[in-house]
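The residues making up each chain are set out below.
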Amino acid sequence: MKSVKPTIYVTRRIPQAGLDVLATAFEIEVNPHDRVATREELIAGVKGKDALLCLLTDKVDAAVMDAAGPRLKVIANYAVGFNNVDVGAATVRGICVTNTPGVLTDTTADLAFALLMATARRVVEADRFMRAGEYKGWGPMLFLGQDIHHKTLGIVGLGRIGQAVAERAAGFHMRILYTSSGRARAPKEVERRCNAEHRELADLLRESDFISLHVPLTESTYHLISDEEFDLMKRTAILVNTSRGPVVDEKALVRALKAGKIAGAGLDVYEREPECEPELRELDNVVMVPHIASASVETRTRMATMAAQNAVAVIRGEIPPNLVNPEVWKKRAR
Ligand code: DGY
């Protein structure tokens with residue numbers, strides 16, 4: 001008798017290395033369009049499948065899980081952040097949720113630092129100026145920015161990525177402050193290695209020249225940075241966000257930038273992606289990129305392999321390496 005392979009729906013084409021791993025265990029269906037699957041496409045695609053490999057742009061809620069039906073055993077998210085998946089709903093239904101931590105830490109930290117530097121040294125503005133043929137000769141006042149070395153960097157969330165940003169800042173002899181969402185302090189060993197001093201959020205905002213956000217999006221970090229927080233920052237401060245857009249109240253950010261409450265912002269993420277507050281596009285003191293913090297060939301390939309390995313493990317009855325809701329596994333073991 002012909003053996004029937006389990007099935008998986010992949011919501012958008014991922015690097016081939018990931019598809020190759022999936023092919024060892026699954027019959028694969030990939031969204032054929034090079035765009036985010038619509039809700040209808042997502043529901044139709046996942047229907048009757050054993051597994052789902054999805055992206056941060058897919059909202060995977062209870063309705064999607066119910067549409068999939070009782071065969072669905074794993075939702076393998078192709079991202080470290082998993083705020084797009086209703087983990088509670090998955091747990092109730094006995095579905096494993098997995099993510100891709102670790103592999104994108106350095107790549108994301110690199111981009112956070114690139115945004116910090118580009119904003120402080122006005123790299124994008126200066127690039128536009130050159131391209132427009134406006135450079136008429138060296139000038140003592142041309143594109144004066146801010147020093148980065150020996151300044152104070154406030155890291156909001158000293159997890160894996162926050163720590164990697166601190167390591168980069170060490171090369172610039174920066175003073176490092178940090179605050180944690182949830183936990184009061186990082187372990188002593190982490191504080192020592194990162195040379196980071198703990199501060200309450202308000203003090204960190206008052207003292208920092210640069211503020212870089214590295215917290216997950218949860219109920220408690222939604223609009224963590226809003227009008228009140230901008231009021232505390234230095235007028236010369238630069239905010240960098242490579243975490244999740246809704247951690248910053250984007251309208252309040254526009255107000256702060258326009259009023260000169262802060263000096264600039266380097267942004268990878270937006271509150272309502274792919275939209276952003278239109279006024280952000282008009283501000284020269286904002287450097288904006290389209291959610292590309294993990295976008296290197298090597299990292300996206302590792303993320304694909306990792307997400308695929310998670311899905312394959314579950315289907316083979318093995319505990320997946322990056323299980324977000326271990327309660328599901330405990331229930332199975334009983
Ligand atoms: C993630 O993984 O959460 C990033 O935002 C995208 O790589």
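Residues numbered from 1 in each chain as written. Predicted model: local features only at pLDDT ≥ 70, side-chain atom pairs only at ≥ 80, totals over all residues. Heavy atoms only, no water.

Digging into the site of the ligand
Stated precisely, the cut-off is as follows: If even one non-hydrogen atom of a residue comes within 4 Å of a molecule or strand, that residue is called near it. What qualifies as a polar contact is a pair of N or O atoms within 3.5 Å, subject to a donor-acceptor requirement within protein and to the restriction that residues adjacent in sequence count only when both atoms come from side chains. Accessible surface is estimated by sampling points in the Shrake-Rupley manner with a 1.4 Å probe; for residues, cover comes only from the protein chains shown. Amino acids are sorted into nonpolar (Ala, Val, Leu, Ile, Met, Phe, Trp, Tyr, Cys and Pro), charged (Asp, Glu, Lys and Arg) and polar (every other residue, Gly among them).
In the neighbourhood of the ligand, the contacting residues comprise Leu56, Ala79, Val80, Gly81, Leu104, Arg244, His291, Ser294 and Met303. Between the ligand and the protein, one listed contact pairs an oxygen atom with a backbone N or O atom of Val80 at 2.7 Å. Measuring from an oxygen atom of the ligand, one finds a backbone N or O atom of Gly81 at 2.9 Å. Out of a free accessible area of 230 Å², the ligand has 92% covered by protein chains. The residue makeup of the shell around the ligand, split by class, is five nonpolar, three polar and one charged.

Details of the sheet that holds strand S5 (residues 96-98)
The test is simple: The criterion for strand pairing is that DSSP finds at least two bridges linking the strands in question. The helix count covers DSSP runs of H or I at least four residues long, the strand count covers runs of E at least two residues long, and both are numbered beginning at the N terminus. With axes taken as lines fitted to C-alpha atoms, and helix axes fitted only over the stretch in contact, angles between N-to-C directions fall between 0 and 180 degrees.
One open sheet accounts for five strands, arranged S2-S1-S3-S4-S5; its pairing is parallel. The open sheet has two edge strands with one neighbour each: strand S2 (27-30) and S5. Strand-to-strand, the axes of this sheet are offset by a mean angle of 15°, without reference to chain direction. By the bridge criterion, four bridges tie strand S3 (residues 51-54) to strand S4 (residues 74-77) in an arrangement that is parallel. Its bridge partner being in S4, Cys54 is matched across the sheet by Asn77.

A few points about the sheet that holds strand S9 (residues 210-213)
Backbone hydrogen bonds are what pair the strands of a sheet, in a parallel or an antiparallel way. Put simply, the test is: Here a residue-residue contact requires only that any non-hydrogen atoms of the pair lie within 4.5 Å.
The strand order S8-S7-S6-S9-S10-S11-S12 describes an open sheet built from seven strands, whose pairing is parallel. Single-partner strands in this sheet number two, and they are strand S8 (196-198) and strand S12 (286-288). Between one strand axis and the next, the sheet turns through 20° on average, direction left out of account. Bridge count for S9 against strand S10 (residues 238-241) is four bridges, and the pairing is parallel. In the strand pairing of S10, Phe210 is matched with Ile238. The sheet contacts of helix H11 (residues 250-258) involve S10, strand S11 (264-267) and S12, and relative to S11 the element is tilted by about 145°.

A look at a nonpolar patch on the surface
Our working rule: Like-charged residues are merged into a patch within 9 Å and nonpolar side chains (Val, Leu, Ile, Met, Phe, Trp, Tyr) within 5 Å, provided each residue has over 30% relative accessible area and no salt bridge. Criterion for a salt bridge: a side-chain nitrogen of Lys or Arg within 4 Å of a carboxyl oxygen of Asp or Glu.
Residues Met130, Tyr135, Trp138 and Leu142 make up a contiguous nonpolar surface patch of roughly 490 Å² in combined accessible area. As for its placement among the helices and strands, Tyr135 is situated in the loop between helix H6 (123-131) and strand S6 (152-156).

A closer look at unusual backbone geometry
A cis geometry characterises the amide bond from Glu273 onward to Pro274, with omega recorded as 5°. Looking at the element boundaries, Pro274 is found in the loop between S11 and S12. Unlike most non-glycine residues, Phe143 shows phi in positive territory, near 50°. Looking at where Phe143 falls in the secondary structure, it is placed in the loop between H6 and S6. The phi dihedral of Asn195 falls on the positive side, at around 55°, and the residue is not glycine. As for its position among the elements, Asn195 is in the loop between helix H8 (188-194) and S8.

Brief notes about the pattern of salt bridges
Condition: We call a residue buried when its accessible area falls under 20% of the maximum for its residue type, exposed when it is over 50%, and partly exposed in between, using a 1.4 Å probe and counting protein chains only.
Counted according to the given criterion, the structure contains 29 salt bridges. Between Glu197 and Arg199 there is a salt bridge, with its nearest N and O atoms 2.9 Å apart. Owing to a relative accessible area of 35%, Glu197 belongs among the partly exposed residues under this scheme. In this structure, Glu277 and Arg272 form a salt bridge, with 3.1 Å as the shortest nitrogen-oxygen distance. Of the residues examined, Arg272 reaches a relative accessible area of 44% and is grouped as partly exposed. Here the residues in one salt-bridge network are Arg175, Glu197, Arg199 and Glu207, joined through shared partners.

Overview of the packing of aromatic side chains
Put simply, the test is: Only centres within 6.5 Å qualify two rings of Phe, Tyr or Trp (six-membered ring in Trp) as a pair; their planes then separate them into stacked at under 30 degrees, edge-to-face at over 60, and tilted for everything else.
For the structure on display, the rule yields two aromatic pairs. Measuring from centroid to centroid gives 5.0 Å for Phe113 and Phe172, while their planes differ by 40°, and the two rings are tilted. Taken together, the residues span a long stretch of sequence, with Phe113 in helix H5 (residues 105-120) and Phe172 in the loop between helix H7 (160-170) and strand S7 (175-179) at a distance of 59 residues. Phe172 sits in the partly exposed class, given a relative accessible area of 26%. Aromatic pair Phe129 and Phe143: ring centres 5.0 Å apart, planes at 80°, arrangement edge-to-face.

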